[in-house]
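# An overview of the molecular structure
Here is how the chains run, residue by residue.
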Amino acid sequence: MSDIKVRKCLFPAAGYGTRFLPATKAMPKEMLPIVNKPLIQYGVEEALEAGMSQIGFILGRGKRAIADHFDISYELEHQILGTSKEKYLTDIRKVIDSSQFIFMRQREMLGLGHAILTGEPMIGNEPFAVILADDLCSVPDDKSDRALSQLVELYDKYQCCIVAIEEVDAADTASYGIISGEEVAEGIYDVSDMVEKPQPEDAPTNMAIIGRYILTPDIFDYLRETKPGAGGEIQITDALRQVAKEKRVIAVKFKGRRFDCGSVEGFVEATNYYFESGDWKL
Ligand code: G1P
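Definitions and cut-offs
- Residues numbered from 1 in each chain as written.
- Predicted model: local features only at pLDDT ≥ 70, side-chain atom pairs only at ≥ 80, totals over all residues.
- Heavy atoms only, no water.
- Buried < 20%, exposed > 50% of the residue type's maximum accessible area, 1.4 Å probe, protein only.
- Helix = DSSP H or I, 4+ residues; strand = E, 2+ residues; numbered from the N terminus.
- Arc of directions from axis to C-beta.
- Contact = heavy atoms within 4.5 Å.
- Near = heavy atom within 4 Å.
- Polar contact = N/O pair within 3.5 Å; in protein donor to acceptor, adjacent residues only side chain to side chain.
- Areas by Shrake-Rupley, 256 points an atom, 1.4 Å probe, with all protein chains shown as cover.
- Nonpolar A, V, L, I, M, F, W, Y, C, P; charged D, E, K, R; others polar.
- Core = buried A, V, L, I, M, F, W, Y, C linked by side-chain atoms within 4.5 Å.

Our focus in this paragraph is helix H4 (residues 90-97). Listed in full, the buried residues belonging to H4 are Ile92, Val95 and Ile96. Looking down the long axis of H4, one finds its buried residues gathered within 95° of arc, a one-sided arrangement. Counted as exposed and oriented over 90 degrees from the buried face of H4: Lys94 and Asp97. Next to the buried residues of H4 lie helix H1 (39-49), helix H2 (64-69) and strand E5 (100-105).

Next up on the list: the site of the ligand. Lining the immediate surroundings of the ligand are Leu112, Leu132, Asp135, Tyr176, Gly177, Glu196, Lys197, Ile209, Gly211, Tyr213, Gln235 and Thr237. Ile209 places a main-chain nitrogen or oxygen 2.6 Å from an oxygen atom of the ligand. In this structure, an oxygen atom belonging to the ligand sits 3.3 Å away from a side-chain N or O atom of Thr237. Here the ligand has 380 Å² of accessible area as a free molecule, and 74% of this is covered by the chains. Sorting elements by how many residues they give to the shell around the ligand places strand E11 (residues 207-215) first, with three residues. The residue makeup of the shell around the ligand, split by class, is five nonpolar, four polar and three charged.

With that settled, consider the environment of Gly119. Within the secondary structure, Gly119 is located in the loop between helix H5 (112-118) and helix H6 (120-123). Here the alpha-carbon distance between Gly119 and Ile102, two residues 17 residues apart in the chain, equals 9.7 Å. In this view, Gly119 contacts Leu10, Ile58 and Met104; residues no more than four positions away in its chain are not counted.

A separate point is the nonpolar core. Core analysis: the largest hydrophobic core is formed by 46 residues, its most contacted members being Ile40, Val44, Met52, Ile55, Phe57 and Leu148. Counting residues per element, this core draws most heavily on helix H7 (residues 147-158), which supplies seven residues. Residues in contact with Ile40, not counting those within four places in the same chain, are Phe11, Ala13, Glu30, Met31, Phe57, Ile66, Phe70 and Ala133. Core analysis: the next-biggest nonpolar cluster, separate from the first, contains 33 residues, Ile116, Ile179, Tyr189 and Ile209 among them.

See below:
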């Protein structure tokens, strides 16, 4: 196991996106654009930058546009071939050419842990990454890597499950998985406990899990044993809590800025940030 590189990344994308209704009535929330690029493409590009070559999507009903986005659009591409507009497809073509995409349906929405367990046939017996595309992570600065690359680097060292964390306002703990643990190196914690969406008075700390994980394949056995928790759902946090107790889970304060694009406020912040960065201009 120890030499196996992380090369597969799962994208759970089954949620309804109710906070963006009516925009998400007929369109997946993951396809909402931050300036001119769908949210999920930012996540896939981050995965590719981190060395992933197989991208697995766990989709719910009504999410076909995601599969179409990562496929050739034959008619459109034929129409603009050789024109000045062709450049607008360069980035997405690069993404499509450098990875394999696998799609699975989560028939019932029983929680994030259940969505990850649904992906087991795509993963098999190797470590893998999970990205929650709602959490958009920017490049910290010119010299540093994005969040998932930071986790992959740590996996090479620790060879165990790893989660990204960030300090949040103490009043907001009920929106996140919260960890506690001992700091073993700057910003790196050996997790002793974790709890999904605790009320502020029950939260052990304000260190919140952000949607970036590296998981070892034994997580599937833990998930099979995990009973529904917060919100009546099978939570990855509960499965990882058990891993932390029996084996090891590392949490890292990743470098960079995170936008909560599952909320309208975070989505608008991310839009302004990327618009001002000018990266979208061709
Ligand atoms: C999920 C996880 C939670 C984590 C959060 C990060 O919650 O269950 O532990 O802190 O993502 O965005 P969700 O936001 O899907 O309710």
